[in-house]
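Descriptive structure summary
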Amino acid sequence: MKKQMQSWGLLSLAALVAVSVAGCGATTDSKPSGGTGAAPASTDSKPIKLRIVWWGSQARHDATLKALDAYTKKHPNITFEPEFSGFDGYADKLATQAAAKNAPDIIQMDPAWLAEYAARNQLADLSKGIETGDVDKSLVDSGKYKDKLYAVPLGNNATGMVFNKNTVDKLGIKPPANGWTWDQYFQFGKDAKAKLDKDKYVLMDYTSDYTMYSAYQISQGKGYPITVDGKFNIDKETYLSYVNKYTELRKEGVVPPAEIASTDKESDAKLDLMNNDTVLMKRSFAALFPGYDGVKPGAYTLVTQPKGPQSSGWLKPSMFWSISADSKNVEESKKFIDWFINDKEAADILTTTRGVPVSKKILDYLTPKLTPSDKLQIDLIKSVSPDAQPFNPGAKGWSSYTAKDFKDIGEKIMFGKATPEAAYDELVKKAKDYQ
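Because the structure is predicted, anything quoted here is derived from the model rather than measured. (Residues numbered from 1 in each chain as written. Predicted model: local features only at pLDDT ≥ 70, side-chain atom pairs only at ≥ 80, totals over all residues. Heavy atoms only, no water.)

1. Regarding the pairing of strand 3 (residues 106-109)
Of the two faces of strand 3, the one holding I106 and Q108 and the one holding I107 and M109 are both buried throughout. Strand direction decides the pairing type here: strand 1 (residues 48-55) and strand 3, joined by two bridges, are parallel. Bridged to V53 within strand 3 is I107. As judged from the four bridges shared by strand 3 and strand 11 (residues 320-323), these two strands associate in the antiparallel manner. Considered in strand 11, the bridge of Q108 is made with W321. (Buried < 20%, exposed > 50% of the residue type's maximum accessible area, 1.4 Å probe, protein only. Helix = DSSP H or I, 4+ residues; strand = E, 2+ residues; numbered from the N terminus. Pairing = 2+ DSSP bridges.)

2. Some words on the sheet that holds strand 6 (residues 152-153)
Pairing is mixed across the open sheet formed by five strands, whose spatial order is 2-1-3-11-6. Each edge of the open sheet carries a strand with a single partner, namely strand 2 (78-85) and strand 6. Direction of pairing for strand 6 relative to strand 11: antiparallel, over a ladder of two bridges. Bridging across to strand 11, P153 finds its partner in F320.

3. Things to note about the pattern of salt bridges
What the rule picks out here adds up to 21 salt bridges. Residues D141 and K137 are paired through a salt bridge, measuring 2.6 Å at the closest nitrogen-oxygen approach. With D141 and K137 both in helix 4 (residues 137-141) and four residues apart, this pair spans about one turn of that helix. By relative accessible area, D141 is classed as partly exposed at 28%. Classification of K137 by relative accessible area gives partly exposed; the value is 42%. Between E248 and K190 there is a salt bridge; the shortest N-O distance is 2.7 Å. Of the two residues, E248 is situated in helix 8 (residues 236-251) and K190 in helix 6 (residues 182-193); the sequence distance between them amounts to 58 residues. Each of K137, D141 and K144 takes part in one network of salt bridges that share partners. (Salt bridge = Lys/Arg side-chain N within 4 Å of Asp/Glu carboxyl O.)

4. Notes on the nonpolar core
Judged by nonpolar contacts, the single largest core of 68 residues is most densely connected at Y185, L203, Y239, Y246 and M281. For this core, the leading source of residues is helix 8, giving six residues. When residues no more than four places from it in sequence are discounted, the contact partners of L203 are Y185, F188, G189, L249, V254, V255, P256, V279 and M281. (Core = buried A, V, L, I, M, F, W, Y, C linked by side-chain atoms within 4.5 Å. Contact = heavy atoms within 4.5 Å.)

5. Notes on helix 1 (residues 58-74)
The terminal C-alpha atoms of helix 1, which comprises 17 residues, lie 25 Å apart, in line with the 24 Å expected from a rise of 1.5 Å per residue. Here helix 1 has its buried residues at R60, H61, A63, T64, L65, A67, L68, A70, Y71, T72 and K74. Contacts from the buried residues of helix 1 go to strand 1, strand 2, strand 3, helix 11 (330-342) and helix 12 (344-350). (Expected span 1.5 Å × (residues − 1).)

6. Focus on the packing of aromatic side chains
The geometry of an aromatic ring pair is captured by the separation of the ring centres together with the interplanar angle, meaning the angle of the planes. The tally for this structure, following the rule as stated, stands at 36 aromatic pairs. Relative to Y185, the ring of W180 lies with its centre 5.6 Å away and its plane at 85°, an arrangement referred to as edge-to-face. For the residue pair W180 and Y185, the accessibility class agrees, reading buried in each case. Ring centres 5.6 Å apart and planes at 80° place the aromatic pair Y213 and Y239 in the edge-to-face group. One end of the pair, Y213, is in helix 7 (residues 210-219); the other, Y239, is in helix 8, with 26 residues separating them in the sequence. The pair Y213 / Y239 is uniform in exposure class, with both members buried. In this arrangement the basic side chain of R120 is found over the ring face of Y117, its NZ or CZ atom lying 5.0 Å from the centre. (Phe/Tyr/Trp six-rings, centres within 6.5 Å; stacked < 30°, edge-to-face > 60°. Lys NZ or Arg CZ within 6 Å of the ring centre and 35° of its normal.)

7. Looking at the packing of helix 7 against helix 8
Remark: helix 7 packs on helix 8, axes separated minimally by 10 Å, with the N-to-C direction vectors making an angle of 125°. Regarding the angle of helix 7 to helix 8, the classification is oblique. Note that helix 7 runs across helix 8; the crossing there is right-handed. For the pair formed by helix 7 and helix 8, the contact residues are M212, Y213, Y216 and Q217 on the first element and T238, Y239, S241, Y242 and Y246 on the second. Here the contact of helix 7 with helix 8 is built from residues that sort into six nonpolar, three polar and no charged. (Axes fitted to C-alpha atoms, helices over the stretch in contact; angles between N-to-C directions. Parallel < 35°, antiparallel > 145°, perpendicular 65-115°, else oblique. Left-handed = near helix turned anticlockwise from the far one by under 90°. Nonpolar A, V, L, I, M, F, W, Y, C, P; charged D, E, K, R; others polar.)

Now the structure itself:
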């Protein structure tokens, strides 16, 4: 199999990620094409090469490549042309390919982009041909657009925080605990900074991070900054309180200066500011945890996001597999996806590298084999679930605003090129282009 690393440009998107572990629900009107047993060897001799693209950590890359090899052994006529990278740059590259009708056959899709791709008729209908009977109905439905299935969920996931517990223990300070508040979060940053070297920091600067700001605003009872139906809803008082707090932490050295904070590349073994020990804690998702643990085994753990009067965490699909509407191999791509989520051999290879498995039968099969790292993902999902906020997949047409404009305007504050008040006014003005 050709294993090539696609070199992609850099553009940071914050993200994110799935519903509770328990439960199973209705299925699409599809027929099983693999089940939980080993898939039979293909008798079709027609050579087919499937292009497949995904983002993730090295742990996810390694597991996925191994799974592709296993599938080819069962189906010798099916080979793959993999394209993979970190999250930065992925969205831009995929959008360019799709616009040129040159997207890979099989696409790892983020929930925030699904509506836009489906609305542009860039994805194939997956309503038939993939068995989803053991997947929670709400999770299956998260891959639908206008009642048609365009994406198959690959993992259960939850928002949370990852931190270096080994370093926290060495500092002799109280570690974060599930259910902690924003005040406790900010105080933890100050307490830890008091014991760290000058060139080390505790928290990330999330002034320009839409996902973290969303968590803060919904925890204050103000709803999502951009509503599900595409209305601007960034509360001015809440926004100013949030960015002013990070300005204070920047001055105190609790968060890195802008020139360091802006270099962070999520899930990169060397450039992720958690992995290179620049900060102690980051916003994260359960499904990203294996990537961190793979870089520093046993060093990290997970905790819920801080809360305000309300919780700040939500559950969502970690990601999906979709198929390009321009693919000439839609049926073979469906067969692969069916195997990917329903086959025991695939589960043994992939474990939780894309989140907690979506098939209840596969989860039951895999649970006794899970590592402590895997179980931490499940524990986070269970901790977030009781008071989880409603999942907002992102309003149609707003992805550039939330991923780029919010970031660019926030970085003006970080670099001292705009006051918080001026930044808010610019956010309001820019939003008019999307209303």
